[in-house]
Amino acid sequence: MTHPILLLGLMIVAYLSVSQAENSFLQYWEDHIGLPHPPHWFVAKASPLSFHQTAMFMKLIEENQLASHLGSFCKHANIACSTNALVKKTMDDTTLPPMAQWNVLKLKYEGLPDETTLSVASQGGLPYFRESMVKEGSFIRIPDLRDPMAYKSFLPRPLASKIPFSVVRINELFKIFGVVDETNMNGYIRDTLEICEESPIRGEQCTCATSAEDLIDFVVEKLGHHVHMWSTENVEGSYENVTIEALKLIHGNLSESPILCHSQPFPFQVYYCHIFQKVKVYIVDIHARKKVNHTIMTCHYDTSTWNQNHVAFKLLGFGPGLIEVCHWITENGMVWTKTLG
């Protein structure tokens, strides 16, 4: 039985650790972003590791000893290090079907993999659609809005920089995080690394942010300090035929590109952020079965550089440059737009 005083001490250390991490994150935000406070869900992704814990785990990585302390690392850093942890967290909501296979593949712009059928690509709902399909009072089937690993935290930038984030070093990653072959985590890590190392298509600027600081730095570099962050409120409406209650254009300047950031399935929080030319952004209120969800929809008006085998064209029946293509921003995703300074 744990002694009450020891238990109280552990609780105080844990609280101080989280407070320290959040304060560090909030200070970085305040120094770089011209908004009073980040959204609560984004603050919750700050690493819970204290400076002392960060230094300790960095030392273990340098000495190639982190794998033997994996349980402690994963628990204290709030990251996913096993398939079991992944399944437990993502399947808490038993009212929804299993995670859609399409969730990871949707970011690949080079075309639809040969083995992926259109029925899989549109599992639960259309991942891509026309702007004209979203009108007040109309119905549309929403795809899976869930993040496969919604709960995970960022790592502190000094620690994240020590993780071998590369396809050529993927076996080192598997060893660090205790990943075995033929598991969801194995596939998620490989897919994320391939997406992050893929060359951008013409007109696209992109990065993979492995820390909150990296993400903020990319936003400030491309858009400046005066920005607004938009995100879908929750996952309500996933797999449902919903009614469009309201539609509001929040970014319509096609000459000024927003930044789209997608949460990637990986042991710790990673974002794939990219900039496309000629993108509109909408807030769409959808009436789901339980309640109204305030979702973010982006529409790409220049698809001329997309691969002709892209799933959007297969689903919608047109080719590159002939139509605009829209999609939803899913859980933990975000869109950044410029504001007046």
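A brief look at the structure comes next. Here the structure is a predicted model, which means the values were calculated and not measured.

Re the state of the cysteines
Then, number 1: All chains considered together, the criterion is met by three disulfides.
Then, number 2: In this structure Cys206 is not part of a disulfide, and its nearest cysteine sulfur, from Cys208, lies 7.3 Å away.

Here's the deal with the environment of Asp214
Then, number 1: Checked against the element boundaries, Asp214 lands in helix H11 (residues 212–223).
Then, number 2: With near-sequence residues (within four places) excluded, Asp214 lies in contact with Arg157 and Ala209.
Then, number 3: At 3.5 Å, the side chain of Asp214 and the side chain of Thr210 are in polar contact.

With respect to the packing of aromatic side chains
Then, number 1: Evaluation of the coordinates by the stated rule reveals 14 aromatic pairs.
Then, number 2: Among the aromatic side chains, those forming a connected cluster through ring pairs are Phe25, Trp29, Trp41, Phe42, Phe154, Tyr271 and Trp336.

Concerning the sheet that holds strand E9 (residues 325–328)
Then, number 1: One open sheet accounts for five strands, arranged E1-E4-E7-E8-E9; its pairing is antiparallel. Where the open sheet ends on each side, the last strands, each with one partner, are strand E1 (139–141) and E9. Mean inter-strand twist for the sheet, computed between neighbouring axes without regard to direction, equals 45 degrees.
Then, number 2: Examined bridge by bridge, E1 and strand E4 (residues 241–251) share three bridges and lie antiparallel to one another. Looking at the pairing, Arg141 lines up with Asn241 of E4.

Concerning the sheet that holds strand E10 (residues 334–338)
Then, number 1: Pairing is antiparallel in the open sheet, where five strands are placed in the order E2-E6-E5-E10-E3. Each edge of the open sheet carries a strand with a single partner, namely strand E2 (205–209) and strand E3 (227–230). Across the sheet, the axes of successive neighbouring strands diverge by a mean angle of 20 degrees, strand direction being ignored.
Then, number 2: Strand direction decides the pairing type here: E3 and E10, joined by four bridges, are antiparallel. Residue pairing in the sheet places His228 in a bridge with Thr337 of E10.

Notes on H11
Then, number 1: Here H11 contains twelve residues, and its C-alpha end-to-end distance of 16 Å stays within 8% of the 16 Å for a straight helix at 1.5 Å per residue.
Then, number 2: For H11, the full list of buried residues reads Ala212, Glu213, Leu215, Ile216, Phe218, Val219, Val220 and Leu223.

With respect to the environment of Ile283
Then, number 1: In this structure, Ile283 sits in strand E7 (residues 279–287).
Then, number 2: With relative accessibility at 22%, the residue Ile283 sits in the partly exposed group.
Then, number 3: Aside from chain neighbours lying at most four places away, what touches Ile283 is Trp230, Ala246, Leu247, Lys248, Ile250, Thr295 and Ile296.

Thoughts on the nonpolar core
Then, number 1: Of all hydrophobic cores here, the largest spans 36 residues; its most connected members are Phe73, Ile79, Leu155, Leu159, Phe177, Ile189 and Phe268.
Then, number 2: Contributing elements (two or more residues each) for this core: helix H3 (51–62), helix H4 (70–77), helix H8 (157–160), helix H9 (170–176), helix H10 (184–197) and strand E6 (270–275).
Then, number 3: No other element matches the six residues that H10 contributes to this core.
Then, number 4: Setting aside anything within four residues of it in sequence, one finds Phe73 in contact with Phe57, Leu66, Ile79, Leu155, Leu159 and Phe177.
Then, number 5: Core analysis: the second largest hydrophobic core is formed by 25 residues, Tyr28, Trp29, Phe42 and Phe218 among them.

Quick look at the environment of Lys280
Then, number 1: Relative to the elements of secondary structure, Lys280 occurs in strand E7.
Then, number 2: In contact with Lys280, other than residues within four places in its own chain, are Glu131, Leu249, His251, Gly252, Leu254, Met297, Thr298, Cys299 and Tyr301.

Cut-off values and rules
- Residue numbers restart at each chain and count upward from 1, following the sequence in its written direction.
- Restriction of local features to residues with pLDDT of at least 70 applies here, the model being predicted, together with a cutoff of 80 or more for giving and counting side-chain atom pairs; totals for whole chains, interfaces and linings are based on all residues.
- Side-chain measures here rest on the full set of heavy atoms in the structure, leaving out hydrogens and waters.
- Note on terminology: pairs of cysteine sulfur atoms within 2.5 Å are recorded as disulfides.
- Strands here mean DSSP runs of E at least two residues long; helices mean DSSP runs of H or I at least four residues long; both are numbered from the N terminus.
- Whether two residues touch is decided by their heavy atoms; if any such pair falls within 4.5 Å, the residues are in contact.
- In the analysis that follows, any N or O atom pair within 3.5 Å is treated as a polar contact, provided that within protein one partner can donate a hydrogen and the other can accept it, and provided that, for residues neighboring in sequence, both atoms belong to side chains.
- Side-chain rings of Phe, Tyr and Trp (the six-membered ring for Trp) are treated as a pair once their centres are within 6.5 Å; stacked means planes under 30 degrees apart, edge-to-face means over 60, and tilted covers the remaining angles.
- For two strands to be treated as a pair, DSSP must find no fewer than two bridges joining them.
- Axis definition: a line fitted to C-alpha atoms, limited for helices to the stretch in contact. Angles are taken between N-to-C directions and run from 0 to 180 degrees.
- Helix span, expected: 1.5 Å multiplied by one less than the number of residues in the helix.
- Per-residue accessibility, obtained with a 1.4 Å probe over protein chains only, is compared with the maximum for each type, and a residue is labelled buried under 20%, exposed over 50%, and partly exposed between these values.
- By nonpolar core we mean a set of buried residues, namely Ala, Val, Leu, Ile, Met, Phe, Trp, Tyr and Cys, connected to one another through side-chain atoms within 4.5 Å.

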